[in-house]
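Structure assessment
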Amino acid sequence: MTNVKSLFVTKAPVVSAGVAYVVGVTTKNSKPALASTIIETASIANLDLALVGAKSTLEHTARVPGANGSVFLLIGIGDEEIDAEALRRLAGAATRALPDFKDITLGLPVSNAGEALAVLEGALIGNYEFISFKGSKKQPRLLSTVTVASAFKPTDSAVKESLVIADAIRSIRDLGNTPPNDMYPQTLATAFQKVAKGSGVTIEVWDEKRLIAENMAGILAVGKGSSRPPRLIKIEYKPRSAKKQLALVGKGITFDTGGLTLKPGTGMIGMKYDMTGAATIGQAVLAIAALALPIHVTGYLCVAENMVSGTAQRPTDVIRYRNGKTVEVTNTDAEGRLVLADGLILASEQKPDLIVDVATLTGGARIALGVRYTGLMGNDFGVETLKKAAEASGELVWHMPLPAELRTLLNSETADLINSKLGDPTGSMLVGGHFLKEFVASKSPKDKTQIAWAHLDIAGPANNEVAPYGYLSKGATGVMLRTLVETAKALV
Ligand code: BES
Ligand code: ZN
Ligand code: ZN
């Protein structure tokens, strides 16, 4: 658990030295003005906010001295209606702007307990920096107490949920940000084995031998170019009270060179983040367990390093999957779908109520949707469930189609499917979705309808390459963790 203490106060706190008080700035009579807050602002009431550099511009910050040696952080909250997600971002931006404070009190304008909670969440996930590789001179962030000051007090169980979620997001970021010389299939497995201890989940790590025995053909094919062998990590939470089953599948490419279909140097730079899908679903299972939700959740982390070597798979190699399907590998850089196919086959075998896969699958997702939206594809129930869950959590997803005519782009002369036509970027994100769909089984031999399934392409938002904003620093973001937890809540 985070070592930051969190408090909620519903009466104006006594303004004191060494504490930063966060208050919103909006516009009144075309001038910057303080937004409503329960914090005592008498000491700064006479300031000309424009002259001290305060602006209503979203996330703009200015520091001014307050009563008793305190500091006020005046943060622009814009001039539009703000919801829980806007508050989460503002609280994150405020916390980021205060790395030198141990004690922060946020008095943003909230209108219910859920919004007060969003302020806490934003502060906790905004207070993140990855400094493990920075050397000892780098000063870590000092935050040790966050106080949310508003008229509303969330329940203890709601607060616990926020703490669990913030911790899970921070863990995903740590895993994603770790450089690929330290983060390879076995180290990812070891990291999860460590945190699984005593958490109420069971974890199995399938090594090369087991992968062969189980015919995890895609994971083996992608992993065979690396000196660091692939793994399948199965993390399961099965409470006695569970009636529904959720299966999660994650892309865990610890580094994606493209394989023999080699990426250019510039295209390889973000590829340590190609395992964030797996990190996200692993942390989602742990979070759902920590919240004791009455649902059976199984995570399949499909982990390999996609390297170039004499043992690497070749373009036009054919993979024979455990379910009998064959795939001609025309492009070794479309490796995510090859490993996910194994995970989807395993997930299908347990006949769950819903399968969700999370993957940094295609550069096409970034071209189509930019870097803030997750591409959502799937069948009806899957898409509807994930849309609602994303909306409840405040995360951005966009439903993309799986047009029938694009399926023909995967036809192979030799095998059942090719994995991608080299040099044809047509609807790349959607073709990726089509490929995965082929590996989601039907409900039963009698009921040919497909198991409910959703695919989340996080190639855009998985890592933040631009300047920090809201509760995001640079690097891995932890996107979709909140949506997955909401999905589990919606299913029970
Ligand atoms: N890991 C990449 C996708 C990616 C690209 C994620 C950029 C984040 C940023 C994936 O394995 C890949 O290389 N996909 C190919 C698919 C294509 C060959 C169909 C791509 O997007 O070019
Ligand atoms: Zn690739
Ligand atoms: Zn990849």
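Everything numeric in this text was worked out from a predicted model, so none of it was measured.

**Considerations on the sheet that holds strand 10 (residues 245–256)**
Through backbone hydrogen bonds, the strands of a sheet pair up, either in parallel or in antiparallel fashion. The strand order across the open sheet built from 8 strands is 8-9-11-10-14-18-15-16, with neighbouring strands paired in mixed fashion. The open sheet is flanked by strand 8 (202–206) and strand 16 (397–399), the only strands paired with a single partner. Sheet twist, expressed as the mean angle between neighbouring strand axes with direction ignored, is 20 degrees. Of the pairings in the sheet, the one linking strand 15 (residues 374–378) to strand 18 (residues 453–457) comprises 4 bridges and is antiparallel in character. Each bridged residue has a counterpart across the sheet, and for L376 the counterpart in strand 18 is L456. Here helix 4 (residues 185–196) sits on the sheet in contact with strand 8, strand 9 (231–237), strand 10 and strand 11 (296–306), set at roughly 165 degrees to strand 8. Helix 9 (residues 336–349) rests against strand 8, strand 9, strand 10, strand 11, strand 14 (354–359) and strand 18 of the sheet, and its axis sits at about 160 degrees to strand 10.

**A few points about a nonpolar patch on the surface**
On the surface, L260, L262 and V308 cluster together to form a nonpolar patch covering roughly 250 Å² of accessible area. With respect to the secondary-structure elements, V308 resides in the loop between strand 11 and strand 12 (317–320).

**Thoughts on the pattern of salt bridges**
The full count for this structure, using the stated rule, is 24 salt bridges. A salt bridge links E121 to R88; the shortest N-O distance between them is 2.8 Å. Of this pair, E121 sits in helix 2 (residues 113–126) while R88 sits in helix 1 (residues 84–96), placing them 33 residues apart in sequence. With a relative accessible area of 8%, E121 lands in the buried category. Judged by its relative accessible area of 7%, R88 is buried. In this structure, the salt-bridge partner of E486 is K489, at a minimum N-O distance of 3.3 Å. Placement of both E486 and K489 in helix 14 (residues 481–491) is noted, with a separation of 3 residues, approximately one turn of the helix. It is possible to trace a salt-bridge network through shared partners that takes in E85, R88, R89, E121 and R482.

**So, the coordination of the zinc ion (ligand 3)**
Around the zinc ion (ligand 3), the protein contributes the donor atoms K251 (NZ), D256 (OD), D274 (OD) and E335 (OE), which lie 2.0 to 2.4 Å from the metal centre. In this structure, the zinc ion (ligand 3) is surrounded by 6 donor atoms whose angles at the metal cover 77 to 169 degrees, and the resulting shape is octahedral. If you list the donors of the zinc ion (ligand 3) from N- to C-terminus, the spacing comes out as K-x4-D-x17-D-x60-E. In this structure, the zinc ion (ligand 3) lies 3.2 Å from the zinc ion (ligand 2), and both are coordinated by D256. Of the two residues, K251 is situated in strand 10 and E335 in the loop between strand 13 (326–329) and helix 9; the sequence distance between them amounts to 84 residues.

**Here's the deal with the packing of helix 2 against helix 3 (residues 156–177)**
Across the interface, helix 2 lies against helix 3 with an axial gap of 9 Å and an inter-helix angle of 25 degrees. Judged by the inter-axis angle, helix 2 sits roughly parallel to helix 3. Helix 3 is crossed by helix 2, and the crossing has right-handed handedness. Contact residues: L117, L120, E121, L124 and I125 in helix 2; A158, V159, S162, L163, A166, I169, R170 and R173 in helix 3. When its residues are assigned to classes, the contact of helix 2 with helix 3 shows 9 nonpolar, 1 polar and 3 charged.

**Quick look at the coordination of the zinc ion (ligand 2)**
Looking at the zinc ion (ligand 2), one finds its protein donor set to be D256 (OD), D333 (O), D333 (OD) and E335 (OE), positioned 2.0 to 2.2 Å from the metal centre. One way to put it: the 6 donor atoms around the zinc ion (ligand 2) meet at angles of 72 to 168 degrees, and that makes the site irregular. Written as a sequence motif, the donor residues of the zinc ion (ligand 2) are D-x76-D-x1-E. What makes E335 buried here is its relative accessible area of 0%.

**Here's the deal with unusual backbone geometry**
Of note, the phi angle at T316 is positive, near 85 degrees, even though the residue is not glycine. Within the secondary structure, T316 sits in the loop between strand 11 and strand 12. You will see that M480, though not glycine, has its phi angle at about 80 degrees, which is positive. Structurally, M480 can be placed in the loop between strand 20 (475–476) and helix 14. M480 sits in the buried class, given a relative accessible area of 0%.

**A closer look at the domain arrangement of the protein**
How big an interface is tends to be stated in terms of accessible area lost as the parts join. One can read the domain layout of the protein as domain 1 (5–152) and domain 2 (163–491). Here the C-alpha centre of domain 2 lies 36 Å away from the C-alpha centre of domain 1. Contacts between the two partners involve 18 residues from domain 1, matched on the other side by 21 residues from domain 2. Approximately 1700 Å² of surface area, both sides summed, lies buried where domain 1 meets domain 2, with 59% of it carried by carbon and sulfur atoms. Sorting the residues of domain 1 by area buried against domain 2 places R89, I125 and Y128 first, and these three jointly supply 40% of that buried surface. Residue E85 pairs with R482 through a salt bridge whose shortest N-O separation is 2.8 Å. The tally of links from domain 1 across to domain 2 stands at 11 residue pairs in polar contact (both at pLDDT 80 or more). For the side of domain 1 that touches domain 2, the elements supplying multiple residues, two or more each, are helix 1 and helix 2.

**A closer look at the pairing of strand 11**
Taken across its 11 residues, strand 11 has 11 buried, putting it largely inside the fold. Side-chain alternation along strand 11 places H296, T298, Y300, C302, A304 and N306 on one buried face and V297, G299, L301, V303 and E305 on a second face that is also buried. In terms of strand pairing, strand 9 meets strand 11 through 7 bridges, oriented antiparallel. By the bridge assignment, I235 is partnered in strand 11 with G299. By the bridge criterion, 11 bridges tie strand 10 to strand 11 in an arrangement that is parallel. Considered in strand 11, the bridge of I253 is made with A304.

Reading the values: the criteria
- Residues numbered from 1 in each chain as written.
- Chains lettered and ligands numbered in written order.
- Predicted model: local features only at pLDDT ≥ 70, side-chain atom pairs only at ≥ 80, totals over all residues.
- Heavy atoms only, no water.
- Pairing = 2+ DSSP bridges.
- Helix = DSSP H or I, 4+ residues; strand = E, 2+ residues; numbered from the N terminus.
- Axes fitted to C-alpha atoms, helices over the stretch in contact; angles between N-to-C directions.
- Contact = heavy atoms within 4.5 Å.
- Patch = residues over 30% accessible without salt bridge, like charges linked within 9 Å, V, L, I, M, F, W, Y side chains within 5 Å.
- Areas by Shrake-Rupley, 256 points an atom, 1.4 Å probe, with all protein chains shown as cover.
- Salt bridge = Lys/Arg side-chain N within 4 Å of Asp/Glu carboxyl O.
- Buried < 20%, exposed > 50% of the residue type's maximum accessible area, 1.4 Å probe, protein only.
- Donors = N, O, S within 2.8 Å, 3.2 Å for Na, K, Ca; no water.
- Tetrahedral: all angles 85-135°; square planar, octahedral: opposite > 155°, others 65-115°.
- Parallel < 35°, antiparallel > 145°, perpendicular 65-115°, else oblique.
- Left-handed = near helix turned anticlockwise from the far one by under 90°.
- Nonpolar A, V, L, I, M, F, W, Y, C, P; charged D, E, K, R; others polar.
- Domains from an automatic or database assignment.
- Buried area = accessible area lost by both parts, 1.4 Å probe.
- Polar contact = N/O pair within 3.5 Å; in protein donor to acceptor, adjacent residues only side chain to side chain.

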